[in-house]
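A closer look at the structure
The primary structure of each chain is shown beneath.
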Amino acid sequence: MSSVVDSHDHDHAHGGHDHHDHHGGYSGVMRWITTTNHKDIGTMYLWFSFMMFMVGGVMALAIRLELFSPGMQFFNPDQFNQFITMHGLIMVFGAIMPAFVGFANWQIPMMIGAPDMAFARLNNWSFWLLPFAGTLLILSFFTPGGAPGVGWTLYAPLTVQMGIGMDLTIFAVHILGMSSILGSINIITTILNMRAPGMTLMKMPLFCWTWLITAYLLVAAMPVLAGAVTMTLTDRHFGTTFFNAAGGGDPVLYQHIFWFFGHPEVYIIALPAFGVISQVIPAFSRKPLFGYASMVYATSAIAILSFIVWAHHMYTVGMPVTGQLFFMYATTLIAVPTGVKVFNWVATMWKGSLTFETPMLFALGFLFLFTLGGFTGLVLSLVPVDIQLHDTYYVVAHFHYVMVAGALFSAFAGVYFWLPKWTGKMYDEKLGQVHFWLTLIFFNMIFFVQHFLGMAGMPRRIPDYPLMFETWNKISSIGAFGFGLTQLLFLYIVLKCIRSGEPAPQKPWEGADSLEWTHLPTPAPYHSFETQPVVK
Amino acid sequence: MAHSASTTPAARQQHYAVPQPMPWPILGSTSLFLMALGAVFVFNSAKGGWVGIAAGFMLLLYMMVRWFGDVIRESEGGKYGRWEDVSFRWGMSFFIFSEVMFFGAFFGALFWVRQYSVPDLGGLESQAYAWPGFSAHWPSAGPGFTEAFSAMGAWGLPAVNTLLLLSSGVTVTFAHWNLIANNRQKLLLWLGATILLGVAFLVCQATEYHHAYTELNLKLSTGAYGSTFFMLTGFHGFHVTVGAIMLTVIWFRCLKGHFKPDHHFAFEGVAWYWHFVDVVWLGLFIFVYWL
C-alpha cells in the first residue's frame, strides 16, 4: 500500500481484525470456492461470463450455419428452436449480466474506497449460484425432447406444452434470479454504506451510479420473472390455469408479466455499459465527464421510464389503441434521457485531447453503433411501423445493436481499460486494435444486413427462408463466423497479457481519475482499502 | 483523523468486518441444485426424485445452521458495530422489497384475470366463436370448468386470521419495546405470544384449505379463481411459516441472553419481515377474500 498517497492515517491499530491474511487459509480450488474477496469473485464472474459467451456463441454459429442457405441443412426445426432459445437465455443471463456483475465486483469497492463488498460471503454465494444454474440450463439439452424450443422469452402456452427440459429451464431461471437479487442487494448496500469519507453520492464515478440504479432495477424486476416462471411451472404440473383461457386465464397475461421484467432487463444490461463508457471516454479525452449531474438524472429517468414501457414488445397482441398510444409515447420519451447521455459523451470529447487506444476505440464503436441501435429502437417504438416489423429480422438487428454493439463492446472497452489494474500488466495494444477492427467489421457484417432482411419481411426464429433472402443471409453467416473466430483472438490477448504482458504503471491512462488509478498501486492489492481514503 | 468531518457511516468506525472465506455458500448452491433436479424428476414421474429433494433439503438446513451459527457467534462476539449494522438494514430492506415485487406478480395476475381475461371471455366475440353461454362474473373458474364450486367467504376464518395477524404485529412491537427497555421476561412473553398467534394463523389457514377442498370443491385446479386464490394465499402462508420459524429462533436466542438494548438487528429484521407478511395479508384479505 506504499503508493497510497495523500489521505491516509497509517498509525491506528488494526488489532483484532484478521483481514490481513491473504486467501484466508484455503488453497487451490477451495480458495476460489470459498473466497470472500471481491476481486477473486469478480474474476470468477468474468471468466464464467466468457465461458458462457463461448457456449452461447457456438449456438449462434449453429443458427447462422443453418441460415447460410435456404432449405433445411443441418438441424431440424426443433433443434433450431432449441438453439435460438438457449442462445438467448445463455447470452442474457450467463454472459452479459455476469460480465457486468464482474466489473461491479472488481471496480465498485475500489472506486468508492471500500475495503470490500458489504456482504462478502453473500457475494460468494451470488457467484456460486451461477454455475449450478448454468448446468441446469445446459442439462436440458440432454433430456427427452431436448431443451425448450420456445424462445428466451418463454412465452405461454408453448412453455406449458414443452417437455422436461422446460422444468430444468424454469428452475435455472429461479436460481439465476436469486443470484441477481442477492448480488444486487450487495451492490446497493455497498454503494450506500461503504463509501469513503467525503465520497458523496454525487462524487462517485458514474460507473457506480449506473450500477446503483441497475441493482435497484434488478431487485424490482427479477422477482417478477420468478413469479412468471412459477406460474408456468404450476400451470404445467399442478393444474392452475394462469395462462389457459379455458380456465379463465390468458396467455397474454404471461407476456405482460414477462415484459414487466423484460423491459427493465434491457436497461439492466445497458446501464452498466453506459457506466463503463462514462469512465472510458473522459479518460481518453483527458477531460472530466461533461454534464455529470445530468448523466445521473438521465440514468434515473431511464430507470423509472423502463417500468412503464413494457407493452411495446406486444403491440401486435391485440391491445386497445389507447394502450398502444400510451406505450408508444412512453417509449419514445426514453429517447430524451438516452439522447442526453449520447450528447454528454460527445461533448466530453469536444476539444478534448483525444487518443485512440483499444478501450477508447471500443467506446467509440459503442457510441456509433449503440446510437444506431437506439434509432432503430425509436423506429420500432412507433406502433404502425412496429406492426410491419414485429418478429422480423429488423428486430433481431435492433436488439443485437444494443446487446452486442452496446453491452458487449462496452464490456470489451472495460476489460482493456482495467486489465492493467487487474493484472499489473499491459495488454498488446496492436493486437487489441486488431481485435477491435475485426469485431467492428464482422459485427456490422452480421447485423447491418439483417435490417434489410427484416424490412423485406424475413421472420425471426425460422430455420428456412425463400431464395430472395439468400444473399444477405450468406453475408450475415460469414460475418458470424468471422466474429466468432475474432473472439478467440480476444482470449489470446487476455491470456498473453496475464502471462507475459509488460508491467503496467499505477496509472497507465493519463486522463483516468477515479480512486483505483489515483490511490492504488498496479496490480491492485488483494485488499483494496483497509483504511479508507478521504476524498476531498 | 479527518474522518470526523465526513458524512458517511465510515466516519464512526474505521474497520469493516470483512469475513473469512467459508464453504457454506457452495453447499447452499449444491442443495438448491439437488432440490431442483429432484423436483424435476418428481414432476415428470421419474424415479428417485424425492431422494434428491430430501438430500438437498437436509443440506440446506445444515448450511443454514452452520452459516447463521457463524454469524450469530460473530455478532455476539462483538464483531459487528454500527457500520455493519447499517449494511444489514439496507440489505434486509431491499430483500423485503424484492419479496414485495414477487407478490406483485401474483397480484398482477389476479387483477388481470378479474379485469381483463374473464370479462373478455364473456364478451361478444368469445360468445360467438369460442365459449357460447359463458357468463363472466367473479369468482370464475373459466368457461372450460364445468363443476360447481364456492368461493371462500371473507368473514369467517379469514376475518379471524386478519385479527390474529394484526394482533401479532402489535405483540411483536411490545416485545421490541421490552427488548429496548431490557425487560427480558416480558420480551420472552410478548415474543412467545407473537409466535403463538402466527401458529394459530397457520392452523386456521390449514382448516380453511381443508374446508375448501372437502366442502367447497375449491382446489388449486379450480380455474382462474382457484389458481390465484391458492397461489397467493399459499405463498403467503409459506412466508408466515418461514417468519414463525425465524421468530422461534429469535425467541431461543432471547432465552439464551442474546441481544442488547442497542444491538439487536436480527430481532428487528425478523420483526420487519413479520410486518411485511402482515401487510401482504391485508392485501390478500381485501382483494382475494373481500372484494
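Computed from a predicted structure; not experimentally measured.

Side note on the overall build of chain A
- A tally of helices and strands in chain A yields 16 helices and 0 strands.
- Since a compact globule built from 536 residues should have a radius of gyration of about 24 Å, the 23 Å found for chain A is in line with a globular shape.
- Dimensions of chain A, computed from C-alpha atoms along their principal axes, come out at roughly 75 × 50 × 45 Å.
- Among the 536 residues that make up chain A, the fraction classed as buried is 66%.

Thoughts on the overall build of chain B
- A tally of helices and strands in chain B yields 8 helices and 0 strands.
- In chain B, the order of α-helices and β-strands from amino to carboxyl end is α-α-α-α-α-α-α-α.
- Once the C-alpha set of chain B is aligned to its principal axes, its extents read approximately 80 × 45 × 40 Å.
- Residues counted as buried form 49% of the 291 residues belonging to chain B.

Regarding helix 5 (residues 157–180) of chain B
- Helix length check: helix 5 of chain B (24 residues) gives 35 Å between terminal C-alpha atoms against 34 Å at 1.5 Å per residue, within 8%.
- With its phi angle positive at about 60°, Asn-182 of chain B sits one or two positions after the end of helix 5 of chain B.

Side note on the packing of aromatic side chains
Residue and element names in this part refer to chain A.
- Counted according to the given criterion, the structure contains 95 aromatic pairs over all chains.
- A centroid spacing of 5.9 Å and a plane angle of 35° characterise the contact between Phe-100 and Phe-103, whose relative ring orientation is tilted. Placement of both Phe-100 and Phe-103 in helix 3 (residues 77–112) is noted, with a separation of 3 residues, approximately one turn of the helix. Across the pair, Phe-103 and Phe-100 agree in class, each one buried.
- Across the ring face of Trp-32, the terminal group of Arg-31 is positioned such that the distance to the ring centre comes to 4.3 Å.
- The ring of Phe-68 is capped by Lys-474, whose NZ or CZ atom sits 4.3 Å from the centre of that ring.

Some thoughts on the interface of chain A and chain B
- Listed by partner, the interface residues are 80 residues for chain A and 70 residues for chain B.
- For the pair chain A and chain B, the two sides together bury roughly 6,300 Å², of which 73% comes from carbon and sulfur.
- On the surface where chain A and chain B come into contact, there are 1 salt bridge.
- Across the pair Arg-121 of chain A and Glu-74 of chain B runs a salt bridge, and its minimum N-O distance is 2.8 Å.
- For the pair chain A and chain B, the number of links is 18 residue pairs in polar contact (both at pLDDT 80 or more).
- For the side of chain A that touches chain B, the elements supplying multiple residues, two or more each, are helix 1 (29–34), helix 4 (120–139), helix 6 (164–193), helix 7 (206–237) and helix 8 (251–285) of chain A.

What to know about a nonpolar patch on the surface
All names here are of chain A.
- A cluster of nonpolar side chains, namely Leu-372, Phe-375, Leu-378, Phe-448, Phe-452 and Trp-472, defines an oily patch on the protein surface of about 520 Å² accessible area.
- Contributions of two or more residues to the nonpolar patch are made by helix 11 (358–381) and helix 14 (429–455).
- It is helix 11 that contributes the most residues to the nonpolar patch, 3 residues altogether.
- Assignment of secondary structure puts Phe-452 in helix 14.

Examining the confidence of the model for chain B
Residues and elements named next belong to chain B.
- Looking at chain B, pLDDT values average 93 and 96% of them are 70 or higher.
- For residues 1–12, every residue scores under 50 in pLDDT, and the model assigns this stretch 25 contacts once sequence neighbours within four places are set aside.
- Across the assembled chains, the prediction reports ipTM 0.94 with pTM 0.93.

Quick look at the domain arrangement of chain B
- Structurally, chain B comprises domain 1 (19–79) and domain 2 (85–290).
- If you average the C-alpha positions of domain 1 of chain B and of domain 2 of chain B, the two centres end up 25 Å apart.

Re the side chain of Arg-460 of chain A
- Topologically, Arg-460 of chain A is positioned in the loop between helix 14 and helix 15 (470–500).
- Every residue in contact with Arg-460 of chain A, bar those within four places of it in the chain, is listed here: Asp-391, Thr-392, Tyr-393, Val-395, Val-396 and Phe-399 of chain A.

Observations concerning the pattern of salt bridges
- For the structure shown, the criterion picks out 12 salt bridges over all chains.
- For Asp-40 of chain A, the salt bridge goes to Arg-31 of chain A, with nearest N and O atoms at 2.6 Å. No difference in accessibility class separates Asp-40 of chain A from Arg-31 of chain A, as the two residues are buried.
- Across the pair Arg-460 of chain A and Asp-391 of chain A runs a salt bridge, and its minimum N-O distance is 3.5 Å. With Arg-460 of chain A in the loop between helix 14 and helix 15 and Asp-391 of chain A in the loop between helix 12 (383–389) and helix 13 (393–423), this pair connects stretches of sequence that are 69 residues apart.
- Residue classification places Arg-460 of chain A among the buried residues on the basis of a relative accessible area of 17%.
- Residue class for Asp-391 of chain A comes out partly exposed when judged on its relative accessible area of 37%.
- Beyond isolated ion pairs, a larger network of salt bridges with shared partners links Arg-82, Asp-85, Arg-89 and Glu-268 of chain B.

Quick word on helix 3 of chain A
All names here are of chain A.
- The first and last C-alpha atoms of helix 3 sit 50 Å apart over 36 residues, in line with the 52 Å expected at 1.5 Å per residue.
- At Met-91, helix 3 is deflected by roughly 35°, the largest bend along its length.
- With 32 of its 36 residues buried, helix 3 lies for the most part within the structure.
- Following helix 3 by one or two positions, Gly-113 adopts a phi angle in the positive range, close to 75°.

A look at the side chain of Lys-341 of chain A
All names here are of chain A.
- With respect to the helices and strands, Lys-341 occurs in helix 10 (residues 321–349).
- Buried and unpaired, Lys-341 has no salt bridge, with Asp-513 as the nearest side chain of opposite charge at 16 Å.
- Apart from residues lying up to four places away in sequence, Lys-341 is in contact with Leu-206, Phe-274, Met-295, Ala-298, Thr-299 and Ile-302.

Thoughts on the environment of Asp-85 of chain B
- Along the polypeptide, Asp-85 of chain B turns up in helix 3 (residues 82–121).
- Note on Asp-85 of chain B: relative accessible area 9%, which makes it buried.

Observations concerning the packing of helix 9 (residues 292–305) of chain A against helix 10 of chain A
Residues and elements named next belong to chain A.
- Here helix 9 crosses helix 10 at 155°, and the two axes come no closer than 9 Å. When the interaxial angle is binned, helix 9 and helix 10 end up roughly antiparallel. Two packed elements cross with a definite hand, and for helix 9 against helix 10 that hand is left-handed. Contact residues: Ser-294, Met-295, Ala-298, Thr-299, Ala-301, Ile-302 and Leu-305 in helix 9; Leu-333, Ile-334, Pro-337, Thr-338, Val-340, Lys-341, Asn-344 and Trp-345 in helix 10.
- Along the lines of polarity and charge, the residues of the contact of helix 9 with helix 10 split into 10 nonpolar, 4 polar and 1 charged.

Some remarks on the nonpolar core
- Counting 264 residues, the largest nonpolar core has Phe-93, Trp-211 and Trp-345 of chain A as its most contacted members.
- Residue assignment places this core across two domains, with domain 1 (19–79) and domain 2 (85–290) of chain B each supplying three or more.

Some remarks on the confidence of the model for chain A
- Confidence in the prediction for chain A averages 93 pLDDT; 95% of positions are at 70 or higher.
- In the predicted structure, residues 1–21 of chain A sits below a pLDDT of 50 and forms 39 contacts with residues beyond four places in sequence or in another chain.

A closer look at the packing of helix 8 of chain A against helix 13 of chain A
Residue and element names in this part refer to chain A.
- The N-to-C vectors of helix 8 and helix 13 enclose an angle of 45°; their axes lie 9 Å apart at closest approach. With respect to their mutual orientation, helix 8 and helix 13 come out oblique. Crossing hand, helix 8 versus helix 13: left-handed. Every residue of helix 13 that contacts helix 8 at Ile-269, Ala-273, Val-276, Ile-277, Gln-279, Val-280, Ala-283 and Phe-284 is listed here: Met-403, Gly-406, Ala-407, Ser-410, Ala-413, Gly-414, Phe-417 and Trp-418.
- Residue classes in the contact of helix 8 with helix 13 are distributed as 12 nonpolar, 4 polar and no charged.

Procedures and definitions
Residues numbered from 1 in each chain as written. Chains lettered and ligands numbered in written order. Predicted model: local features only at pLDDT ≥ 70, side-chain atom pairs only at ≥ 80, totals over all residues. Heavy atoms only, no water. Helix = DSSP H or I, 4+ residues; strand = E, 2+ residues; numbered from the N terminus. Rg over C-alpha atoms; globule rule 2.2 N^0.38 Å. Buried < 20%, exposed > 50% of the residue type's maximum accessible area, 1.4 Å probe, protein only. Expected span 1.5 Å × (residues − 1). Phe/Tyr/Trp six-rings, centres within 6.5 Å; stacked < 30°, edge-to-face > 60°. Lys NZ or Arg CZ within 6 Å of the ring centre and 35° of its normal. Contact = heavy atoms within 4.5 Å. Buried area = accessible area lost by both parts, 1.4 Å probe. Salt bridge = Lys/Arg side-chain N within 4 Å of Asp/Glu carboxyl O. Polar contact = N/O pair within 3.5 Å; in protein donor to acceptor, adjacent residues only side chain to side chain. Patch = residues over 30% accessible without salt bridge, like charges linked within 9 Å, V, L, I, M, F, W, Y side chains within 5 Å. Areas by Shrake-Rupley, 256 points an atom, 1.4 Å probe, with all protein chains shown as cover. pLDDT = per-residue confidence, 0-100. Domains from an automatic or database assignment. Bend = angle between axes of the 7 residues up to and from the residue. Lys, Arg positive; Asp, Glu negative; His and termini not counted. Axes fitted to C-alpha atoms, helices over the stretch in contact; angles between N-to-C directions. Parallel < 35°, antiparallel > 145°, perpendicular 65-115°, else oblique. Left-handed = near helix turned anticlockwise from the far one by under 90°. Nonpolar A, V, L, I, M, F, W, Y, C, P; charged D, E, K, R; others polar. Core = buried A, V, L, I, M, F, W, Y, C linked by side-chain atoms within 4.5 Å.

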